[in-house]
Amino acid sequence: MSDHIRTRHDGGVLEVVIDRPKANAIDLATSRALGLIFRDFRDDPALRVAIVSGAGEKFFCAGWDLKAAASGDAVDGDYGVGGFGGLQELRDLNKPVISINGICCGGGLEIALSTDLILAAEHATFALPEIRSGTVADAASIKLPKRIPYHIAMDMLLTGRWLDVHEAHRWGFVNEVLPAERLMERAWELARLLESGPPLVYAAIKEIVREAEGSTFQTAMNKVTKRQFATVDRLYSSEDQLEGARAFAEKRSPIWKGK
């Protein structure tokens, strides 16, 4: 699929590594390959959690590959089924995704924003430098002001300044800060925890959170209670819903089947 992406899966966990030295920047071909990987992850019922990281000790992803752009890759070209990096426009991705980060800027930061949990190395830094090259960080302009305080998001977008990992953590941008050598171990700990959880509930959570971004509280609540979200309707009609109640009553651990 791509010489610049490594994947492996163990049980229900898929690990995806972007490997394009030196900074794991993404060109059109790599973006399209990532889209196919994450599409297949979304559609495979045996896979429940994904981890995405960058190869090497320094970078997660430097975003758009400007060298590829200079060689003819169009900034508005075909990024593939999931949009840039395979994640940020992938529809109906109702499974948890964990990203583990070193240096993370531009489109790389936008990929991180498309994940659900972010683990950062102690050396990690974050920026949206698009302003300095006369372009717009489009996905970040939409997402970032909803994730961190508005004025901090606008500072990053308007000035391109870098945040160190501790400031990023202070603003709630990352979940945990860890020594680089502990990142993958911790990501797999979290992935195993999520793998053992109820996949239909995860799907409902992700759809509700995603759809509620563009609606009022009451509108979203009405869609939940009237089972107008497909994932909620499936959950409320599932064997897993009954299994959860039975396991609680019987004081045992539930056995989730995803159906």
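Anything mentioned here points back to the structure above.
Criteria and cut-off values
- Residues numbered from 1 in each chain as written.
- Predicted model: local features only at pLDDT ≥ 70, side-chain atom pairs only at ≥ 80, totals over all residues.
- Heavy atoms only, no water.
- Helix = DSSP H or I, 4+ residues; strand = E, 2+ residues; numbered from the N terminus.
- Contact = heavy atoms within 4.5 Å.
- Phe/Tyr/Trp six-rings, centres within 6.5 Å; stacked < 30°, edge-to-face > 60°.
- Buried < 20%, exposed > 50% of the residue type's maximum accessible area, 1.4 Å probe, protein only.
- Lys, Arg positive; Asp, Glu negative; His and termini not counted.
- Salt bridge = Lys/Arg side-chain N within 4 Å of Asp/Glu carboxyl O.
- Pairing = 2+ DSSP bridges.
- Arc of directions from axis to C-beta.
- Axes fitted to C-alpha atoms, helices over the stretch in contact; angles between N-to-C directions.
- Core = buried A, V, L, I, M, F, W, Y, C linked by side-chain atoms within 4.5 Å.
- Disulfide = S-S within 2.5 Å.

**Remarks on the environment of valine 49**
Consideration 1: Looking at the element boundaries, valine 49 is found in strand 3 (residues 49-54).
Consideration 2: Taking the C-alpha atoms as reference, valine 49 lies 30 Å from glutamine 218; in sequence the two are 169 residues apart.
Consideration 3: For valine 49, the contacting residues outside a window of four places in its chain are Gly12, Val13, Leu14, Phe41, Pro96, Ile98, Ala191, Leu194 and Glu195.

**A word on the packing of aromatic side chains**
Aromatic rings considered in pairs are described by the distance between their centres and by the relative angle of their planes.
Consideration 1: Scanning the model with the defined rule gives 4 aromatic pairs in all.
Consideration 2: Measuring from centroid to centroid gives 5.7 Å for tryptophan 64 and tyrosine 79, while their planes differ by 80°, and the two rings are edge-to-face. Residue tryptophan 64 is found in the loop between strand 4 (59-61) and helix 2 (66-70), and its partner tyrosine 79 is found in the loop between helix 2 and strand 5 (97-101); the two are separated by 15 residues along the sequence.
Consideration 3: Owing to a relative accessible area of 16%, tryptophan 64 belongs among the buried residues under this scheme.
Consideration 4: For tyrosine 79, a relative accessible area of 16% translates into the label buried.

**Topic: the side chain of glutamate 130**
Consideration 1: You can see glutamate 130 is positioned in the loop between strand 8 (125-127) and helix 4 (138-147).
Consideration 2: For the buried glutamate 130, no salt bridge exists, and the shortest N-O distance to an oppositely charged side chain is 9.1 Å, to arginine 132.
Consideration 3: The contacts of glutamate 130, once residues within four sequence positions are left out, are Gly106, Gly107, Thr135, Val136 and Ala137.

**Details of the sheet that holds strand 8**
For sheets, the rule is that strands pair by backbone hydrogen bonds, running either parallel or antiparallel.
Consideration 1: If you trace the 4 strands from one edge of the open sheet to the other, you get 4-6-8-9, paired in mixed fashion. Pairing within the sheet leaves two strands with one partner each, and these edge strands are strand 4 and strand 9 (163-164).
Consideration 2: Both strand 4 and strand 6 (residues 103-105) contribute to a ladder of 2 bridges, which runs parallel. The partner of phenylalanine 59 across the bridge, within strand 6, is isoleucine 103.

**Concerning the side chain of lysine 143**
Consideration 1: Examined against the element boundaries, lysine 143 turns out to sit in helix 4.
Consideration 2: Glutamate 213 provides the closest opposite charge to the buried, salt-bridge-free lysine 143, at an N-O distance of 7.5 Å.
Consideration 3: With sequence-adjacent residues up to four places away left out, lysine 143 is seen in contact with Gln88, Leu113 and Ser114.

**Considerations on helix 4**
Consideration 1: Residues of helix 4 that are buried: Ala139, Ala140, Lys143 and Leu144. Each buried residue of helix 4 lies within a common arc of 105° when the element is viewed along its axis, so the set occupies one face. Counted as exposed and oriented over 90 degrees from the buried face of helix 4: Ile142 and Lys146.

**Re the sheet that holds strand 2 (residues 13-18)**
Consideration 1: Judged by pairing direction, the sheet is mixed, and its 6 strands sit side by side in the order 1-2-3-5-7-10 without closing on themselves. At either end of the open sheet lies a strand with only one pairing partner, and these are strand 1 (5-10) and strand 10 (176-178). Mean inter-strand twist for the sheet, computed between neighbouring axes without regard to direction, equals 20°.
Consideration 2: Looking at chain direction, strand 3 and strand 5 are connected through 3 bridges and run parallel. Bridged to isoleucine 51 within strand 5 is isoleucine 98.

**Structural notes on the nonpolar core**
Consideration 1: The biggest cluster of nonpolar side chains holds 46 residues, and the ones touching the most others in it are Leu109, Phe126, Leu128, Leu144 and Phe173.
Consideration 2: A total of 6 residues in this core trace back to one element, the largest contributor, which is helix 1 (residues 28-43).
Consideration 3: Every residue in contact with phenylalanine 126, bar those within four places of it in the chain, is listed here: Asn101, Cys104, Leu109, Ala120, Met156, Arg161, Trp162, Leu163, Val165, Ala168, Phe173 and Val174.
Consideration 4: Counting residues in each nonpolar core, the second largest holds 15 residues, with Ile51, Ile98, Ile100 and Leu183 among its members.

**Observations concerning the state of the cysteines**
Consideration 1: A complete count under the given rule lists 0 disulfides for this structure.
Consideration 2: Cysteine 61 takes part in no disulfide bond, and the closest cysteine sulfur, belonging to cysteine 104, lies 7.2 Å away.
Consideration 3: With no disulfide of its own, cysteine 104 lies 7.1 Å from the sulfur of cysteine 105, the closest cysteine sulfur.

**Observations regarding the pattern of salt bridges**
Should the charged atoms of two oppositely charged side chains come close, the side chains can pair.
Consideration 1: Here the structure, examined in full by the defined rule, presents 21 salt bridges.
Consideration 2: Residue arginine 186 pairs with glutamate 176 through a salt bridge whose shortest N-O separation is 2.9 Å. Of this pair, arginine 186 sits in helix 7 (residues 183-195) while glutamate 176 sits in strand 10, and the two are 10 residues apart along the sequence.
Consideration 3: In this structure, arginine 252 and glutamate 250 form a salt bridge, with 2.6 Å as the shortest nitrogen-oxygen distance.

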